[in-house]
Amino acid sequence: MTEVRVTVDGVNYADDVEPRMLFAQYLRETLGKTGTLIGCDTSNCGACTVHLNGQSVKSCSVLAVQADGAEVTTIEGLARDGQLHPVQEAFRECHGLQCGYCTPGMIMAAVDLLGDNPDPSEQEVREGIEGNLCRCTGYQNIVRAVQTAAKNMKPGVAAAPSGQAAPVAGGN
């Protein structure tokens, strides 16, 4: 067993884990962060995407011990004070989901994309989410949701909870 210390969604954790435990398993099984989904175990689908030190990663491709000392944001950590993150709200508003299985990973990838590129073109959105697979929507509403969130997150446009700046990847 190896001790892992991480901050997940603003809460500090210290746990003993098997050295071979995947970070996705740690989040789900140890911390109860079940919004981080495991869809393929091969890093192909992106359903397990989280932010690790401000960058989106597929948590099934990271060992829990590799996340030691990291700052992590999961889909559960995006909402603030009962208000959905602007990307979450845009996915709801634009019907950017169907079965919902890919949605947490898509949203986490989109938040990271918008942190790097606050005004992406349709092609840039498609490239930014290309590591996340959706078998239901055909991606059009997902792209529209990301671009809607981008507009809502621009300075001077209301969308962030409580009049605060919208949180982005790794923001607490």
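To be clear, the structure that these remarks concern was listed above.
These lines cover the structure that appears in this document, whether it is placed above or below. Only a predicted model underlies this, so the values are computations on that prediction, with no experimental measurement involved.

1. Side note on the overall build of the chain
Line of reasoning, step 1. The helix and strand tally for the chain stands at 5 helices and 5 strands.
Line of reasoning, step 2. Out of the 172 residues in the chain, the part that is buried amounts to 44%.
Line of reasoning, step 3. Look at the contacts in the chain between residues 6 or more apart in sequence, and 59% of them connect residues 24 or more apart.

2. Structural notes on the layout of surface pockets
Line of reasoning, step 1. Estimated volume of the second largest pocket: approximately 200 Å³.
Line of reasoning, step 2. Forming the walls of the second largest pocket are 14 residues, and the residues nearest its centre are C45, Y101, C102, L133 and R135.
Line of reasoning, step 3. Its residues assigned to classes, the lining of the second largest pocket shows 9 nonpolar, 4 polar and 1 charged.

3. With respect to unusual backbone geometry
Line of reasoning, step 1. A positive phi angle, close to 55°, is found at H95, a residue other than glycine.
Line of reasoning, step 2. Secondary-structure assignment places H95 in the loop between α2 (86–93) and α3 (103–116).
Line of reasoning, step 3. Among the residues examined, H95 registers a relative accessible area of 55% and is labelled exposed.
Line of reasoning, step 4. Positive phi outside glycine occurs at Y139, with the angle close to 75°.
Line of reasoning, step 5. Looking at the secondary structure, you find Y139 in the loop between α4 (122–128) and α5 (140–153).

4. What to know about the environment of L52
Line of reasoning, step 1. With respect to the secondary-structure elements, L52 resides in strand β3 (residues 49–52).
Line of reasoning, step 2. Overall, L52 belongs to the buried group, its relative accessible area being 16%.
Line of reasoning, step 3. Along the sequence, L52 and A70 sit 18 residues apart, while their C-alpha atoms lie 6.5 Å from each other.
Line of reasoning, step 4. When residues no more than four places from it in sequence are discounted, the contact partners of L52 are F23, V57, V62, A67, A70, E71 and V72.

5. Here's the deal with the sheet that holds strand β1 (residues 2–8)
Line of reasoning, step 1. With respect to topology, 5 strands assemble into an open sheet ordered β2-β1-β5-β3-β4, the strand pairing being mixed. Two strands lie at the open edges of the sheet, namely β2 (11–17) and β4 (55–58), each paired on one side alone. In this sheet, neighbouring strand axes are inclined to one another by 40° on average, regardless of whether the strands run parallel or antiparallel.
Line of reasoning, step 2. Where β1 lies against strand β5 (residues 71–73), 2 bridges are found, and the strand directions are parallel. Each bridged residue has a counterpart across the sheet, and for T7 the counterpart in β5 is E71.
Line of reasoning, step 3. On the sheet, helix α1 (residues 23–30) packs against β1, β2, β3 and β5 and is oriented at approximately 110° with respect to β2.
Line of reasoning, step 4. Along the sheet, α3 contacts β3, β4 and β5; its crossing angle with β3, the most-contacted strand, is approximately 35°.

Rules of the game
- Residues numbered from 1 in each chain as written.
- Predicted model: local features only at pLDDT ≥ 70, side-chain atom pairs only at ≥ 80, totals over all residues.
- Heavy atoms only, no water.
- Helix = DSSP H or I, 4+ residues; strand = E, 2+ residues; numbered from the N terminus.
- Buried < 20%, exposed > 50% of the residue type's maximum accessible area, 1.4 Å probe, protein only.
- Contact = heavy atoms within 4.5 Å.
- 1 Å grid on protein atoms, 1.4 Å probe; cavity = no way out; pocket = protein on both sides within 12 Å on 5 of 7 lines; lining within 4 Å.
- Points joined across faces, edges and corners; volume = space filled by probe spheres on them.
- Nonpolar A, V, L, I, M, F, W, Y, C, P; charged D, E, K, R; others polar.
- Pairing = 2+ DSSP bridges.
- Axes fitted to C-alpha atoms, helices over the stretch in contact; angles between N-to-C directions.

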